[in-house]
Amino acid sequence: MPKKPDSQIKQALRQFCLEGTPVSFAPYGNGHINDTYLVTTDQKRYILQAINHFVFKEPALLMENIERVTAFLRRNARDPREVLTLVPTLSGDSFYHDPQGDFWRVYLFLENSICLDRVESPADFYECAAAFGKFQRDLSSFPAETLHETIPDFHNTPKRYRDFLQALERDPLGRAAAAQKEIAFVKARADFYPLLLEASRKGDLPLRVSHNDTKSNNVMLDAVTRKALCVIDLDTIMPGFSVTDFGDAIRFGASTAAEDEQDLDRVRLDLDLFKVYTEGFLTGAGHRLTESEVLLLPEGAKMMTIECGMRFLADYLEGDVYFKTAYPEHNLVRARTQFKLVEEMERYQETLKEIVRTVNR
Ligand code: ADP
Ligand code: GN1
Ligand code: MG
């Protein structure tokens, strides 16, 4: 989304019950989706966000999900910094719909916390896993099916595959020629894509409240202790599966390189990090996951990695309309790292299963 004019940001800020008078605001963080600003008043700091309504078509329903889930989590929280706190508008709403058509919300800034675009140690990765595992545990009695699907079919991989095929068919910029190897990689695995939905139909994968964007930069850690504090970026909370939350975190965090590393020799699946995350996630979840669910964790990792890769590749073909990019091949580069990780997951398939079984014992 294009950066908002200062006047529009100021207008939005005037709608919220802030403590003190705003003295500054500036773009903040490295998210790919929303416009995030750090707002400082003479008394307090806040996070102001413009919700990306190209990605999230129904911001009001999205905010209803966030209100319900944060209220539910707050009942059992020991420290207020464990849960995101929405700041209401002057009329008591959780968001402001401005005359320009944008949707704004404000959270209390989580002070004395850090968030990592890439974890710096296995201990950090463990903490992220524990946070998302705990999120599963804390919400295990929440009626997942009552949540709105903020992005319909978000992790419906067969649907993502159909969308990818459509993008390929259209090939509006003639980019497919440059991505033949990657396209073949996605097509060769078509039989795999329905696996989780079939497991769910058979009763092997319970419906859960899933976060759906479990990268390390969506967990705040305490700046002093570096212990997990709070799960953020709740826009994609939906009815879903625990194994895709696990999987997306592995995809992003158990890689030895960045999501957009250009040298594929540097992109490997770190098996020790896979184990660390499994330990953190299952411990955080208080061993509430079912046996069949746990055994599907490695499949969840592979599914999220290939799905994300095909999303990057489809966006490359479409002309970079969804993910923010810094250069023309950025999405293709990202797709390649994902496919390299998928190869690694296939090579170590048995090892990954063994790790999960051992940790779950
Ligand atoms: P996106 O969907 O674009 O990733 P996020 O909600 O994850 O947006 O916010 C982007 C970044 O802003 C986060 O990675 C984090 O650094 C920071 N952030 C978001 N909410 C808070 C908060 N309540 N307190 C402190 N930092 C926050
Ligand atoms: C997006 O919002 P952000 O940057 O945390 C995307 C995820 C992808 C991720 C890839 C709503 O996440 O699904 O896995 O980029 N979020 C949405 O980096 O599409
Ligand atoms: Mg984020």
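Residues numbered from 1 in each chain as written. Chains lettered and ligands numbered in written order. Predicted model: local features only at pLDDT ≥ 70, side-chain atom pairs only at ≥ 80, totals over all residues. Heavy atoms only, no water.

Asks: Hey, could you go over the site of ligand 1 for me, with residue numbers and the actual values?
Replies: Residues in close proximity to ligand 1 total 19 residues, the closest being N34, Q49, L110, N217 and D233. N218 places a side-chain nitrogen or oxygen 3.0 Å from an oxygen atom of ligand 1. Across the complex, the protein chains shield 95% of the 550 Å² of accessible surface that ligand 1 would expose by itself. Residue assignment for the shell around ligand 1 shows that the elements contributing at least two residues are strand 3 (45-51) and strand 6 (103-108). By residue class, the composition of the shell around ligand 1 is eleven nonpolar, seven polar and one charged. Counting only domains with at least three residues in the shell around ligand 1, you end up with domain 1 (6-111) and domain 2 (122-360). (Near = heavy atom within 4 Å. Polar contact = N/O pair within 3.5 Å; in protein donor to acceptor, adjacent residues only side chain to side chain. Areas by Shrake-Rupley, 256 points an atom, 1.4 Å probe, with all protein chains shown as cover. Helix = DSSP H or I, 4+ residues; strand = E, 2+ residues; numbered from the N terminus. Nonpolar A, V, L, I, M, F, W, Y, C, P; charged D, E, K, R; others polar. Domains from an automatic or database assignment.)

Asks: Would you mind going over the domain arrangement of the chain in detail, with residue names and values included?
Replies: The domain architecture assigned to the chain consists of domain 1 (6-111) and domain 2 (122-360). Look at where the C-alpha atoms of domain 1 and domain 2 centre, and you get two points 26 Å apart. Every contact between the two is made by 26 residues of domain 1 and, on the other side, 29 residues of domain 2. Buried surface at the junction of domain 1 and domain 2, both sides included, amounts to about 2,500 Å², of which 62% is carbon and sulfur. Considering only the side of domain 1, the residues that lose the most area to domain 2 are H32, N65 and F72, jointly responsible for 26% of the buried surface there. Our count for the contact surface shared by domain 1 and domain 2 stands at four salt bridges. When the shortest N-O distance is used, the salt bridge between D235 and R105 registers 2.7 Å. At the junction of domain 1 with domain 2, the criterion picks out seven residue pairs in polar contact (both at pLDDT 80 or more). Looking at the side of domain 1 that touches domain 2, the element that brings in the most residues is helix 2 (residues 59-76), giving ten residues. (Contact = heavy atoms within 4.5 Å. Buried area = accessible area lost by both parts, 1.4 Å probe. Salt bridge = Lys/Arg side-chain N within 4 Å of Asp/Glu carboxyl O.)

Asks: Which residues make up the packing of helix 7 (residues 242-253) against helix 8 (residues 271-284), and what are the values?
Replies: One can describe the packing of helix 7 onto helix 8 by two numbers: an axis separation of 10 Å at closest approach and a directional angle of 145 degrees. Helix 8 is crossed by helix 7, and the crossing has right-handed handedness. For the pair formed by helix 7 and helix 8, the contact residues are S242, F246, A249, I250 and G253 on the first element and L273, F274, Y277, T278 and F281 on the second. (Axes fitted to C-alpha atoms, helices over the stretch in contact; angles between N-to-C directions. Left-handed = near helix turned anticlockwise from the far one by under 90°.)

Asks: An account of the coordination of the magnesium ion (ligand 3) is requested, with residue identities and associated values reported.
Replies: Every protein donor of the magnesium ion (ligand 3) is accounted for by N218 (OD1) and D233 (OD), and the metal-donor separations fall at 2.2 Å. Residue N218 is found in the loop between strand 8 (208-210) and strand 9 (219-222), and its partner D233 is found in the loop between strand 10 (228-231) and strand 11 (238-240); the two are separated by 15 residues along the sequence. Among the residues examined, D233 registers a relative accessible area of 24% and is labelled partly exposed. (Donors = N, O, S within 2.8 Å, 3.2 Å for Na, K, Ca; no water. Buried < 20%, exposed > 50% of the residue type's maximum accessible area, 1.4 Å probe, protein only.)

Asks: Explain the state of the cysteines to me, using residue names and the numbers behind them.
Replies: According to the stated counting rule, one finds zero disulfides in the structure shown. Sulfur of C128: no disulfide; nearest cysteine sulfur belongs to C115 and is 8.8 Å away. C308 carries a free sulfur, and the closest cysteine sulfur to it, the one in C128, is 17 Å from it. (Disulfide = S-S within 2.5 Å.)

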